[in-house]
Amino acid sequence: MPLQVSDYTWQQTKTSVFISVPLRGVSVRDADVFCTENYLKVNFPPFLFEVFLCAPIDDENSKAKIGNDTIIFTLYKKEVAMWETLSLSGVDKEMMQRIREKSILQAQERAKEATEAKAAARREDQKYALNVMMQIEEEERKKIEDMKENERMKATKELEAWKECQRKAEEQKRIHREEKFCEQEKQIEEERKKLKHKSHTRISASRNLATKGRNSENIFLEKLKENSIPAPRSVGSIKINFTPRVFPTALRESQVAEEEEWLHKQAEARRALNTDIPELSDLKEEEKNPEWLKDKGNKLFATENYLAAINAYNLAIRLNNKIPLLYLNRAACHLKLKNLHKAIEDSSKALELLTPPVADNANGRMKAHIRRGTAFCQLELYVEGLQDYEAALKIDPSNEIVQNDAEKIRNIIQGTELKS
């Protein structure tokens, strides 16, 4: 049988009632609170606290706060008045049972109404989502139909244009055939005239040869020879292409083996300096410098243009991958963009290059540990993050900011262990 709690305290105003009930070392998770407008019960085995309120309260807005082995109720009265007592007086067991049953029925009815309201709201949401989906599908269908119609009209226009081009081409061919036929007829006519003229000339020549002497025959023969001389050749030009050479000297004066070796060495040097990177093709010579690109990335980082700063650092690393500050600065950009795994990789690479650990690179090593530790903490890997912060404190034990951050991480780890 549960033990009734009687050492509670209560206070009131005209609008509110405050009740404090001790838990007596019971876990918060074991406390069961039940409240209606006339009945309040707290069950935390083996103890039980219940009160039959003398006036109704607003149980929907009333609150309960559990902490420090105490439950504090804030009950809001439905009527503004001062109560003489907290609970009803002269209540027998039968009346208590009726009040309990009535309170349970009220709570069940209210829960049922809330469930039905949620179900109705869910149905309304589903109906609205279905209508929106149908509307979207209708718009998509209409858009597809419009696209099909536009493509059909476009194809029809292209087909008509092609037919028109074919018709014009056929017309041009027909005109060309007619013109060619006319030219052939003209040529045939001219050939006929020439043949007719030649035959007439030959007849005249034979007649003249019969009447004239040897001199006349020689003169006629000379004219025939002049007519048979071919026309002079037409003027033209011949193009000559030469194979380009790097060295302008003549082949007989150059030493091909030495020249090829020199060109090979130049190509190796360019590959060593990465001067054939496509991104550097538009840059000036002084801009193809890792230090210049590092300064450019720092300026872009200062203006919060982190993506552009990463691009500058990437190009500088391709030119020279042995500068630790490039990885360190790129890790800061990745932290700003929440690229946490990349920030860890760049910080680790910077620590690899910052060797051996000397006083000149102490500041860089501390920054690398802090940035890697920050990335670990944002990934909720607090133990790994604390190790990096402690490594940074070994480099600079007097840094109060790092000390405070390390203490916060320790508190988080301890809180996590306690919860687990």
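Everything quoted here is computed from the prediction, not taken from an experiment.

Chemist: I would appreciate a short explanation of the sheet that holds strand 1 (residues 3–4) in the present structure.
Modeler: The pairing of strands in a sheet comes from backbone hydrogen bonds and takes either a parallel or an antiparallel form. An order of 1-6-5-4 is seen for the four strands of this open sheet, with the pairing classed as mixed. On the outer flanks of this sheet lie strand 1 and strand 4 (32–35), each paired with one strand and no other. Note: strand 4 against strand 5 (residues 39–44), four bridges, orientation antiparallel. Residue pairing for strand 5: F34 is matched across the bridge by K41.

Chemist: Help me understand the packing of helix 8 (residues 362–378) against helix 9 (residues 382–395) in this model?
Modeler: Working note: a packed helix pair is described by the angle between its axes plus the distance between those axes. The interhelical angle for the contact between helix 8 and helix 9, taken along N-to-C directions, is 165°, at an axis separation of 8 Å. For the element pair helix 8 / helix 9, the angle class is roughly antiparallel. Along this stretch, helix 8 crosses helix 9, giving a crossing that reads as left-handed. The segment helix 8 lies against helix 9, with A362, R365, M366, H369, I370, R372, G373, T374, F376 and C377 engaging Y382, E384, G385, D388, Y389, A391, A392 and I395. Of the residues belonging to the contact of helix 8 with helix 9, the class tally is ten nonpolar, four polar and four charged.

Chemist: I would appreciate a short explanation of the UniProt feature "repeat: TPR" (unreviewed entry) in the protein chain in the present structure.
Modeler: Those residues carrying the UniProt feature "repeat: TPR" (unreviewed entry) are residues 366–399 in this numbering. Within residues 366–399, the helical portion is 79% and the strand portion 0%, while the C-alpha atoms at the span's ends are 11 Å from each other.

Chemist: Sorry if this is basic, but what is going on with the packing of aromatic side chains here?
Modeler: The geometry of an aromatic ring pair comes down to the distance between the two centres and the angle between the two planes. Summed over the entire model, instances satisfying the criterion amount to four aromatic pairs. Taken together, the ring pairs in this structure connect F34, Y39 and F52 into an aromatic cluster.

Chemist: Even after reading the chapter, I still don't get the side chain of E37, so can you show me in this structure?
Modeler: Assignment of secondary structure puts E37 in the loop between strand 4 and strand 5. Within the local environment of E37, its side chain forms a polar contact with the side chain of K78, the two groups lying 2.8 Å apart. Contacts of E37, omitting those with residues within four sequence positions, involve L53, A55, P56, I57, D59, K78 and Q106.

Chemist: Can you walk me through the pattern of salt bridges in this structure?
Modeler: In total, this model carries 17 salt bridges according to the counting rule given. Between K349 and E352 there is a salt bridge whose closest N-O contact spans 4.0 Å. Here K349 and its partner E352 are both found in helix 7 (residues 340–353), three residues apart, which amounts to about one turn of the helix. Overlapping salt bridges bring together E171, R174 and E178 as one network.

Chemist: Looking at this structure, how should I read helix 9?
Modeler: For an α-helix, the turn length of 3.6 residues means that residues three or four places apart are oriented alike. Look at helix 9: 20 Å from first C-alpha to last across 14 residues, which is about the 20 Å you get at 1.5 Å a residue. All of the buried residues in helix 9 are G385, L386, D388, Y389, A392 and L393. Seen end-on, helix 9 carries its buried residues on one side only, within an arc spanning 160°. Opposite the buried face of helix 9, by more than 90 degrees, sit the exposed residues Q387 and K394.

Chemist: Where do I start with the sheet that holds strand 3 (residues 16–22) in this structure?
Modeler: The strand order across the open sheet built from four strands is 2-3-8-7, with neighbouring strands paired in antiparallel fashion. Looking along the sheet, the strands with just one partner apiece sit at the ends: strand 2 (9–12) and strand 7 (63–67). Neighbouring strand axes in the sheet, compared pairwise and without regard to direction, differ in orientation by 15° on average.

Chemist: Explanation requested: the side chain of R372 in the structure shown.
Modeler: Relative to the helices and strands, R372 resides in helix 8. Those residues in contact with R372, other than ones at most four positions away along the chain, are I344, S347, S348, L351 and D388.

So, how was this worked out
- Residues numbered from 1 in each chain as written.
- Predicted model: local features only at pLDDT ≥ 70, side-chain atom pairs only at ≥ 80, totals over all residues.
- Heavy atoms only, no water.
- Pairing = 2+ DSSP bridges.
- Helix = DSSP H or I, 4+ residues; strand = E, 2+ residues; numbered from the N terminus.
- Axes fitted to C-alpha atoms, helices over the stretch in contact; angles between N-to-C directions.
- Parallel < 35°, antiparallel > 145°, perpendicular 65-115°, else oblique.
- Left-handed = near helix turned anticlockwise from the far one by under 90°.
- Contact = heavy atoms within 4.5 Å.
- Nonpolar A, V, L, I, M, F, W, Y, C, P; charged D, E, K, R; others polar.
- UniProt positions renumbered as here; feature names shortened; annotations may be inferred.
- Phe/Tyr/Trp six-rings, centres within 6.5 Å; stacked < 30°, edge-to-face > 60°.
- Polar contact = N/O pair within 3.5 Å; in protein donor to acceptor, adjacent residues only side chain to side chain.
- Salt bridge = Lys/Arg side-chain N within 4 Å of Asp/Glu carboxyl O.
- Expected span 1.5 Å × (residues − 1).
- Buried < 20%, exposed > 50% of the residue type's maximum accessible area, 1.4 Å probe, protein only.
- Arc of directions from axis to C-beta.

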